[in-house]
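# Residue-level structure breakdown
One letter stands for each residue in the lines below.
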Amino acid sequence: MTQVSTISPISSAGTIWRNGFLQSSLADTSSFNKFCSKTITANNNISLFESQSKQNGTLTLKHCVLSQSLYFIDLLFESSIFKDLYSIFGTTPLLTNFKHFQSIGKLKSLQWHRDTYVSNKNDIGNMPPVLKLAVYTSDIRPFDPALQLIKYSHRVNFDNAIFDRLFSLSNLNKITVNARIGDYIIFDSSLLHRRRPCHSSNGYRSVTIYAFTPHTFIQSKYLACEHTNTYLNYYNSLIPQ
């Protein structure tokens, strides 16, 4: 059964609109503890992961494993997350896709980027922008490869790579997400963000990142994809009627 939302719908939607992100916690709940246990088991089996060049060394759980690991979907309904997203959207949040990442040891940073933008009059990413959800299954320590965000940058967007590069050179409004196990971050996909570098061989991060939209036409593109079809149908079957 889906839990009651833990956030205020008016203040949380306003925070996302103003700042571009919102941080909350699922820690010490039975649903998260069960999810965390299964995730740690998967993390310990490196053969389930693959390296993608665009992630600069971070490992990604393979598509074939994701489609069979429905506990990633169960968490959304057994915790408060579905209700929290419903409160923010004001309507049913529709999942489009998700990935589980494991960052181990020294890593280069990802470039500052937006997941949604326009390039040469072409939409890159989902348009309108979606909301991303990052659920942490490890603590982020001072030397770990943390997520960094530029507050307000989703509202300062000229779809210009040079502007974004210059904007990111300033320390103005830069936020480092020092998350704990059980924390989650909801952020606008047009917000400038990156994974910071890790210079320690002891660096580590375990995080699952989901994407949600209120628009059926966006989700329908992913329902047609073999990599995401199975778990999206399962997600849709759990939506309260």
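Quick summary incoming for the structure in this document. All values derive from a computational prediction rather than experimental measurement.

What counts, and where the lines are drawn
Per chain, residues are indexed from 1 in the order of the written sequence. Predicted model: local features are reported for residues with pLDDT of at least 70 only, side-chain atom pairs are reported and counted for 80 or more only, and whole-chain, interface and lining totals are derived from all residues. The basis for the side-chain values is all heavy atoms of the structure; hydrogens and waters are excluded. Any carboxyl oxygen of Asp or Glu within 4 Å of a side-chain nitrogen of Lys or Arg constitutes a salt bridge here. Secondary structure counts use DSSP, requiring at least four H or I residues in a row for a helix and at least two E residues in a row for a strand, with both numbered from the N terminus. Between buried and exposed lies partly exposed: a residue is buried under 20% and exposed over 50% of the maximum accessible area for its type, with that area taken using a 1.4 Å probe on protein chains only. For Phe, Tyr and Trp, rings pair up if their centres lie within 6.5 Å, where Trp contributes its six-membered ring, and each pair is then called stacked (planes under 30 degrees apart), edge-to-face (over 60) or tilted (otherwise). The rule for a charge over a ring is simple: NZ of Lys or CZ of Arg within 6 Å of the ring centre, and within 35 degrees of the ring normal. Lines are fitted to the C-alpha atoms to define the axes, a helix being fitted only along its stretch in contact, and any angle between axes, read from their N-to-C directions, falls within 0 to 180 degrees. Reported orientations rely on four angle classes, namely roughly parallel under 35 degrees, roughly antiparallel over 145, roughly perpendicular from 65 to 115, and oblique for the rest. A crossing counts as left-handed when the near helix is turned anticlockwise from the far one by less than a right angle, and as right-handed when that turn is clockwise. When checking whether two residues touch, look at their non-hydrogen atoms; a contact exists if any pair is within 4.5 Å. For this scheme, ten residues count as nonpolar: Ala, Val, Leu, Ile, Met, Phe, Trp, Tyr, Cys and Pro. Four count as charged, namely Asp, Glu, Lys and Arg, and the remainder, Gly too, count as polar. By this definition, two strands are paired if DSSP reports at least two bridges between them.

The next point concerns the pattern of salt bridges. Counting across every chain of the model gives five salt bridges. For D164, the salt bridge is made with R114, and the minimal N-O distance between the two is 2.8 Å. With D164 in helix α6 (residues 161-169) and R114 in the loop between β4 (94-104) and β5 (117-119), this residue pair connects regions lying 50 residues apart in the sequence. One exposure class covers both D164 and R114, and it is buried.

Here we take up the packing of aromatic side chains. Think of a pair of aromatic rings as described by two things: how far the centres are apart, and how the planes are tilted against each other in angle. Counted according to the given criterion, the structure contains 15 aromatic pairs. Taking the centre distance of 4.9 Å and the plane angle of 25° together, the rings of F77 and F82 count as stacked. Neither residue differs from the other here; F77 and F82 are each classed as buried. Where F163 meets F167, the ring centres are 5.5 Å apart and the plane angle is 40°; that geometry is what we call tilted. With F163 and F167 both in helix α6 and four residues apart, this pair spans about one turn of that helix. Overall, F167 belongs to the buried group, its relative accessible area being 18%. One cation-aromatic arrangement involves R155 over W17; the distance from NZ or CZ to the ring centre is 4.7 Å.

The contact between helix α2 (residues 30-43) and helix α4 (residues 71-78) brings their axes to 9 Å, and the two run at 165°. Between α2 and α4, the crossing angle belongs to the class labelled roughly antiparallel. Handedness of the crossing formed by α2 with α4: left-handed. The residues of α4 that touch α2, namely those facing S31, F32, K34, F35, K38, T39 and A42, are Y71, F72, L75 and E78. Of the residues in the contact of α2 with α4, the class split is six nonpolar, two polar and three charged.

Strand order in this open sheet of three strands is β9-β8-β11, and the pairing throughout is antiparallel. The open sheet has two edge strands with one neighbour each: β9 (174-176) and β11 (193-195). Each adjacent strand pair in this sheet contributes to an overall mean axis angle of 20°, direction not counted. Of the pairings in the sheet, the one linking strand β8 (residues 147-150) to β9 comprises three bridges and is antiparallel in character. When the bridges of β9 are listed, I150 appears paired with K174.

Among all residues save glycine, negative phi is the norm, and among peptide bonds the norm is trans. Between M127 and the following residue, P128, the backbone shows a cis peptide bond with an omega angle of 5°. With respect to the helices, strands and loops of the structure, P128 is situated in the loop between β6 (122-124) and β7 (131-136). The phi dihedral of N56 falls on the positive side, at around 55°, and the residue is not glycine. Looking at where N56 falls in the secondary structure, it is placed in the loop between β2 (49-51) and β3 (59-61). You can call N56 partly exposed: its relative accessible area is 31%. Even without a glycine there, the phi angle at D159 is positive, about 50°. By secondary structure assignment, the location of D159 is in the loop between β8 and α6. The partly exposed category is assigned to D159, whose relative accessible area is 37%.

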